[in-house]
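For reference, the chains in residue letters:
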Amino acid sequence: MAGNSSCLRLFILGASLLSCSFQCFCHCNVNRKGETRSTTAGIKGMFVFGSSLVDNGNNNFLQNSLARADYWPYGVDFPLGPSGRFTNGKNVIDLLGEQLKIPSLIPVFADPQTKGSKIVRGVNFASGASGILDDTGSLAGHVRSLNEQIRNFEEVTLPELKTQLGFGMGCSKSLESSVGNYLFVVGTGGNDYSFNYFLANPNNVSLQVFTANLTSSLSTQLKKLHSLGARKFVVMSINPLGCSPMVINMKKLLPTVMGRNRCVQEMNRAAHLFNSQFKSMIDAIRAQMPGSALVFVNSYKIIRDIIKNPISKGFRDSRGTCCEVATISNGGNGILCKRGGQVCLNRSSYVFFDGLHPTEAVNVQIATKAFVSTLKTEVYPINIQQLTQIQI
């Protein structure tokens, strides 16, 4: 086992080198531009936190960030072209926004233009390569950890949102009751394993201890958001890390590893352990956050089911990458698409767009199941559609 862990760290090291908005006055029924308020069940918008799977382009604005997707072929199927989304088209956040009937894309916090009336539908704080832990992502240059993202919400966006919604001007309704009708989506944790635990574990902390610390930290971060007024939470699971093309391709370089075209089970076990532990904590967390409701979306299972039986799910390639990924030997990192590189034509038949991130076709399945699935193995304890109908 120790030998396998050492090999695993070596190949990951190689890869890493590389409202109605409530207003007491004029905002009660329409916004300043007369935009109709037609979101699902009174949901005003989304505040999004996490890593590249939910990042709408924050890292585009961060100097010295190596985790960026603001170039072709990223966005080849996105209406605005390359935008910083780590996929060929829409990510899960875009698709959930459509399900919720939010009339516009969620703007990114790091964009200087994200201010004023633009924030009333929510803000995306997610930063590619970041993690739950502050030191995760350091190899990718400038990224914003989950703690920093939450501070930005608290110190910058929340006060401005309060102004936009007219609070502090004789309003009888609390800010919390208005913020409570936004969805707070959190999608993070995978990088804490891929680029932290399996890469740098100098104290030889056990997987169980590391995972317990990770789930405890995330629980604390959710409670912080709750203290700021958040009431409706959507938490995405960690995806099957060991099945990504990045990991499988690096595994092929290790001559002593058997089953080189198969998923790396040690990494999948880590993701599964986190997901299982966090799911089991949901009821306890809710009890510590009065008035809250939380949905856990098991994207691990959704993607794993696709990989196990791709044809039946409408996919043909569950191992390769749709875009050309530059290898480490060719100056790349084995993860991101080669700038201006080749891209497959049948993108909807691929599970992965680059070495780590799923295609829009997979994102569609995740978002759809998150919204309407009745299987508790996919969404727990309820789905997002049911979450939106809960009165706060």
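Before reading further, recall that the structure is shown in the block above.
Described in the following lines is the structure provided in the data block. Since the structure is predicted, the reported quantities are computational estimates derived from the model, not experimental observations.

1. Brief notes about the overall build of the chain
Turning to step 1, where the next piece is worked out: Summing up its helical and strand segments, the chain has eleven helices and eight strands in all.
Turning to step 2, where the next piece is worked out: For the chain, the residues scored as buried account for 59% of the 392 residues in total.
Turning to step 3, where the next piece is worked out: When the accessible surface of the chain is summed, it comes to about 15900 Å², and 53% of that surface belongs to carbon and sulfur atoms.

2. Some words on the sheet that holds strand 5 (residues 293-297)
Turning to step 1, where the next piece is worked out: With mixed pairing, the six strands of this open sheet are ordered in space as 2-1-3-4-5-8. In this open sheet, the two strands that pair with only one neighbour each are strand 2 (122-124) and strand 8 (379-380).

3. Some words on the pairing of strand 3 (residues 183-187)
A regular strand places its side chains so that they alternate between the two faces of the sheet.
Turning to step 1, where the next piece is worked out: When you tally the buried positions in strand 3, you get five out of five residues, the bulk of the element.
Turning to step 2, where the next piece is worked out: Of the two faces of strand 3, the one holding L183, V185 and G187 and the one holding F184 and V186 are both buried throughout.
Turning to step 3, where the next piece is worked out: Here five bridges tie strand 1 (residues 46-50) to strand 3, and the two strands are oriented parallel to one another. Across the sheet, the residue bridging to M46 is L183, located in strand 3.
Turning to step 4, where the next piece is worked out: By the bridge criterion, four bridges tie strand 3 to strand 4 (residues 232-236) in an arrangement that is parallel. Its bridge partner lying in strand 4, L183 is registered against K232.

4. Remarks on the side chain of N58
Turning to step 1, where the next piece is worked out: Relative to the assigned elements, N58 resides in the loop between strand 1 and helix 2 (92-99).
Turning to step 2, where the next piece is worked out: Engagement of the side chain of N58 in a polar contact is seen with the backbone nitrogen of F109, the distance being 3.1 Å.
Turning to step 3, where the next piece is worked out: In this structure N58 touches V108, F109, A110, N124, F125 and A126, once residues within four positions along its chain are discounted.

5. A look at helix 10 (residues 360-372)
Residues that lie three or four places apart on an α-helix share one face, since the helix turns once every 3.6 residues.
Turning to step 1, where the next piece is worked out: Over its 13 residues, helix 10 extends 18 Å from the first C-alpha to the last, a length consistent with the 18 Å expected when each residue adds 1.5 Å.
Turning to step 2, where the next piece is worked out: The set of residues buried in helix 10 consists of V362, N363, Q365, I366, A367, A370 and F371.

6. Focus on the pairing of strand 5
Turning to step 1, where the next piece is worked out: With five of its five residues buried, strand 5 lies for the most part within the structure.
Turning to step 2, where the next piece is worked out: Because side chains alternate across strand 5, one face comprises the buried residues A293, V295 and V297, and the other comprises L294 and F296, equally buried.
Turning to step 3, where the next piece is worked out: Pairing between strand 4 and strand 5: five bridges, direction parallel. Bridge assignment links V234 to a residue of strand 5, and that residue is V295.
Turning to step 4, where the next piece is worked out: The sheet contact formed by strand 5 and strand 8 spans two bridges and is antiparallel. Looking across to strand 8, one finds that F296 is bridged to Y380.

7. Details of the pattern of salt bridges
Turning to step 1, where the next piece is worked out: Using the criterion set out here, one finds nine salt bridges in the structure.
Turning to step 2, where the next piece is worked out: K90 is the salt-bridge partner of E98, the closest N and O atoms lying 2.4 Å from each other.
Turning to step 3, where the next piece is worked out: Using a relative accessible area of 23% as the deciding quantity, one classes K90 as partly exposed.
Turning to step 4, where the next piece is worked out: E148 is the partner of R144 in a salt bridge, and the nearest nitrogen-oxygen pair spans 3.6 Å.

8. Quick word on the nonpolar core
Turning to step 1, where the next piece is worked out: Counting 64 residues, the largest nonpolar core has F49, F184 and Y193 as its most contacted members.
Turning to step 2, where the next piece is worked out: With near-sequence residues (within four places) excluded, F49 lies in contact with V54, F125, A126, L146, Q149, I150, F153, F184, V185, V186, G187 and L225.

9. Let's talk about the packing of aromatic side chains
Turning to step 1, where the next piece is worked out: For the structure shown, the criterion picks out 20 aromatic pairs.
Turning to step 2, where the next piece is worked out: Summarising the aromatic geometry, the rings of Y74 and F86 are spaced 6.2 Å apart at their centres and angled 65° between planes, so their arrangement reads as edge-to-face. Pair noted here: Y74 is in the loop between strand 1 and helix 2 and F86 is in the loop between strand 1 and helix 2, with a separation of twelve residues, a long-range link. In this pair, the class of Y74 matches that of F86, namely buried.
Turning to step 3, where the next piece is worked out: Ring centres of F274 and F278 lie 6.3 Å apart, and the angle between their planes is 5°; this geometry places the pair in the stacked category. With F274 and F278 both in helix 8 (residues 265-287) and four residues apart, the pair spans about one turn of that helix.

Parameters at a glance
- Per-chain numbering applies: the sequence of each chain, read as written, is numbered from 1 onward.
- It should be noted that, the model being predicted, local features are given only for residues of pLDDT at least 70 and side-chain atom pairs only at 80 or more, the latter also being counted only at that level, while totals for whole chains, interfaces and linings use all residues.
- Water and hydrogen atoms were dropped before computing side-chain values, which therefore reflect all heavy atoms in the structure.
- Per the convention used, a helix needs a DSSP run of H or I reaching at least four residues, while a strand needs a run of E reaching at least two, with both numbered from the N terminus.
- Remark: exposure states derive from per-residue accessible area (1.4 Å probe, protein chains only) relative to the maximum for the residue type, with buried under 20%, exposed over 50%, and partly exposed in between.
- Method for areas: the Shrake-Rupley scheme with a 1.4 Å probe, in which residue coverage is limited to the protein chains shown.
- Strand pairing requires that DSSP identify at least two bridges connecting the strands.
- Pairs of N or O atoms within 3.5 Å make up the polar contacts considered here, provided that, within protein, one atom can donate a hydrogen while the other can accept it, and that residues adjacent in sequence are counted only when both atoms are side-chain atoms.
- Throughout, a residue-residue contact means that at least one pair of heavy atoms, one from each residue, lies within 4.5 Å.
- Helices are assigned an expected span. That span is 1.5 Å times one less than the residue count.
- Basic side-chain nitrogens of Lys or Arg form a salt bridge, by our definition, when they fall within 4 Å of a carboxyl oxygen of Asp or Glu.
- In plain words, nonpolar cores are sets of buried Ala, Val, Leu, Ile, Met, Phe, Trp, Tyr and Cys residues tied together by side-chain atoms within 4.5 Å.
- Aromatic rings from Phe, Tyr and Trp, with only the six-membered ring used for Trp, were paired whenever their centres fell within 6.5 Å, and each pair was classed as stacked if the ring planes differed by under 30 degrees, edge-to-face if by over 60, and tilted otherwise.

The analysis is restricted to geometry; functional conclusions fall outside its scope.
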